[in-house]
Amino acid sequence: KALREGRDPCADAALSRQARADLVQTFGGDAVSLVETFKAADGTTKLLVDVGKQQRVEAVLIPQTTRGKPTTTLCVSSQ
């Protein structure tokens, strides 16, 4: 959710303090930053995420319904 809203997941209050500390320890204080978003007509959101050291990852958020409830699937490029 943090990425979808353009926020740093390492600072997401929805995560426990321990989970946030683990993210910071593993990835550093600035784990990721959202560079660009594009909302497509089909409801998907395309993301360009900077993961540090000038490396970027492309991802897509795909809204859907699972068991009658709205959910989001995150698809990350593995190129």
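Not measured: the values here are computed from a predicted model.

**Comments concerning the sheet that holds strand β3 (residues 55-66)**
Part 1 of the reasoning: Sheet architecture is open: 4 strands sit in the order β1-β2-β3-β4, paired in antiparallel fashion. Only two strands of the sheet have a single partner each, and these edge strands are β1 (33-39) and β4 (69-76). Within the sheet, the average angular offset between the axes of one strand and its neighbour, ignoring direction, is 25 degrees.
Part 2 of the reasoning: Across 6 bridges, β1 lies against strand β2 (residues 45-52) in antiparallel orientation. Along β2, the bridge assignment pairs Leu34 with Val49.

**Overview of unusual backbone geometry**
Part 1 of the reasoning: Residue Arg67 is not a glycine yet carries a positive backbone phi of 55 degrees.
Part 2 of the reasoning: Within the fold, Arg67 resides in the loop between β3 and β4.
Part 3 of the reasoning: A relative accessible area of 84% means that Arg67 is categorised as exposed.

**What about the side chain of Thr45?**
Part 1 of the reasoning: As for its position among the elements, Thr45 is in strand β2.
Part 2 of the reasoning: A relative accessible area of 14% means that Thr45 is categorised as buried.

**Examining the confidence of the model for the chain**
Part 1 of the reasoning: Scored by pLDDT, the chain has a mean of 81; 80% of the residues are at 70 or more.
Part 2 of the reasoning: When mean pLDDT is compared element by element in the chain, β3 scores highest at 89, while helix α1 (residues 17-27) scores lowest at 79.

**Some points on the side chain of Thr44**
Part 1 of the reasoning: Along the chain, Thr44 falls in the loop between β1 and β2.
Part 2 of the reasoning: With relative accessibility at 11%, the residue Thr44 sits in the buried group.
Part 3 of the reasoning: A distance of 2.7 Å separates the side chain of Thr44 from the side chain of Asp42, its partner in a polar contact.
Part 4 of the reasoning: Leaving out residues up to four positions away in the same chain, Thr44 has contacts with Phe38, Lys39, Val60, Leu61, Ile62 and Pro63.

The rules we used
Residues numbered from 1 in each chain as written. Predicted model: local features only at pLDDT ≥ 70, side-chain atom pairs only at ≥ 80, totals over all residues. Heavy atoms only, no water. Pairing = 2+ DSSP bridges. Helix = DSSP H or I, 4+ residues; strand = E, 2+ residues; numbered from the N terminus. Axes fitted to C-alpha atoms, helices over the stretch in contact; angles between N-to-C directions. Buried < 20%, exposed > 50% of the residue type's maximum accessible area, 1.4 Å probe, protein only. pLDDT = per-residue confidence, 0-100. Polar contact = N/O pair within 3.5 Å; in protein donor to acceptor, adjacent residues only side chain to side chain. Contact = heavy atoms within 4.5 Å.

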